[in-house]
Amino acid sequence: MLTFAHLVERPLTERNIQLLLDLKAVPIVAVEANRMHQALGNLLTNAEEAMPTGGQVRLGLDRLGDQVRLTFSDTGCGIKHEHLSLVFEPFFTTKGLLAGGDHANPGLGLSVVHGIVIEMGARIEAQSKLGHGATSRFIFR
């Protein structure tokens, strides 16, 4: 996660997005770095689109009982409650041309994240409050 943070910190700063890290000591969880970077990168793309004038992205790592939890949150526009259960579905988008957006968006980014997290043996949860950002958590056993 530190490598990912190092790679994205400068481009985020240029977009007026502050990267905050909240890392606690946790047991080591073996994951493929490239796949983790892809999952975090897809979440970051959504966060950047939700914060066109800037904001904050927070990456956290902590322990939840015998589980390890990675948290990714942003201070963007958030997700409507009725859309929250659909965000990991393939082809679901609120931004693409078919959804009334102004550019092509196939709606695959978060379904890819979901697939990667499941591949890693974890589960993913999403929370959001419209106007206050979104949070995704990867929970490893």
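The structure we're discussing is the one just above.
Attention in this report is confined to the structure presented alongside it.

Analysis parameters
- Residues numbered from 1 in each chain as written.
- Predicted model: local features only at pLDDT ≥ 70, side-chain atom pairs only at ≥ 80, totals over all residues.
- Heavy atoms only, no water.
- Helix = DSSP H or I, 4+ residues; strand = E, 2+ residues; numbered from the N terminus.
- Buried < 20%, exposed > 50% of the residue type's maximum accessible area, 1.4 Å probe, protein only.
- Contact = heavy atoms within 4.5 Å.
- Axes fitted to C-alpha atoms, helices over the stretch in contact; angles between N-to-C directions.
- Parallel < 35°, antiparallel > 145°, perpendicular 65-115°, else oblique.
- Left-handed = near helix turned anticlockwise from the far one by under 90°.
- Nonpolar A, V, L, I, M, F, W, Y, C, P; charged D, E, K, R; others polar.
- 1 Å grid on protein atoms, 1.4 Å probe; cavity = no way out; pocket = protein on both sides within 12 Å on 5 of 7 lines; lining within 4 Å.
- Points joined across faces, edges and corners; volume = space filled by probe spheres on them.
- Salt bridge = Lys/Arg side-chain N within 4 Å of Asp/Glu carboxyl O.
- Core = buried A, V, L, I, M, F, W, Y, C linked by side-chain atoms within 4.5 Å.
- Pairing = 2+ DSSP bridges.

### Overview of the side chain of Gln 67
Stage number 1. With respect to the secondary-structure elements, Gln 67 resides in strand β3 (residues 67-74).
Stage number 2. In this structure Gln 67 comes out as buried when scored by relative accessible area, which is 14%.
Stage number 3. Beyond its immediate stretch of four places on either side in the chain, Gln 67 contacts Asp 62, Arg 123, Ile 139, Phe 140 and Arg 141.

### Notes on the packing of helix α2 (residues 33-50) against helix α4 (residues 109-119)
Stage number 1. In contact at an axis separation of 9 Å, α2 and α4 are set at 150° when each is read in the N-to-C sense. It follows from the interaxial angle that α2 and α4 lie roughly antiparallel. When the axes of α2 and α4 are compared, the crossing they make is left-handed. In this structure, α2 contributes Arg 35, Gln 38, Ala 39, Asn 42, Leu 43 and Asn 46 to the contact, and α4 contributes Gly 109, Leu 110, Val 112, Val 113, Ile 116 and Glu 119.
Stage number 2. Grouping the constituent residues of the contact of α2 with α4 by class yields six nonpolar, four polar and two charged.

### Considerations on the layout of surface pockets
Stage number 1. Estimated volume of the largest pocket: approximately 650 Å³.
Stage number 2. In terms of lining, the largest pocket is formed by 33 residues, of which the most central are Asn 46, Ile 79, Thr 94, Lys 95 and Leu 110.
Stage number 3. Put simply, the parts of the chain that give the lining of the largest pocket at least two residues each are α2, β3, α3 (81-84), α4, β4 (122-128) and β5 (134-140).
Stage number 4. Residue contributions to the lining of the largest pocket peak at seven residues, all from α2.
Stage number 5. Each residue belonging to the lining of the largest pocket can be placed in one class, and the counts come to 15 nonpolar, 14 polar and four charged.

### Thoughts on the pattern of salt bridges
Stage number 1. Enumeration according to the criterion identifies five salt bridges in this entry.
Stage number 2. Close ionic contact of Glu 119 with Arg 35 constitutes a salt bridge, the shortest N to O distance being 3.0 Å. Of this pair, Glu 119 sits in helix α4 while Arg 35 sits in helix α2, and the two are 84 residues apart along the sequence.
Stage number 3. Residue classification places Arg 35 among the partly exposed positions, given a relative accessible area of 23%.

### Some words on the nonpolar core
Stage number 1. Among the nonpolar cores identified, the biggest contains 29 residues, and Leu 40, Val 57, Phe 72, Val 113 and Phe 138 are the most heavily contacted of them.
Stage number 2. Taken together, the elements giving at least two residues each to this core come down to α1 (2-14), β1 (17-23), α2, β2 (55-64), β3, α4, β4 and β5.
Stage number 3. In terms of residue count, α2 provides more of this core than any other element does, six residues in total.

### Regarding the pairing of β4
Stage number 1. Pairing of β4 with β5 involves seven bridges; the strand directions are antiparallel. Within the sheet, the bridge partner assigned to Arg 123 lies in β5 and is Ile 139.
Stage number 2. Between the end of β4 and the start of β5, which pair antiparallel, lie five residues, with Gly 131 showing a positive phi angle near 85°.

### Overview of the environment of Ser 136
Stage number 1. Note that Ser 136 resides in strand β5.
Stage number 2. Along the primary structure Ser 136 and Ser 73 are separated by 63 residues, whereas in three dimensions their C-alpha atoms are 6.3 Å apart.
Stage number 3. Ignoring any residue separated from it by four or fewer positions in sequence, one finds Ser 136 in contact with Leu 43, Leu 70, Thr 71, Phe 72, Glu 125 and Ala 126.

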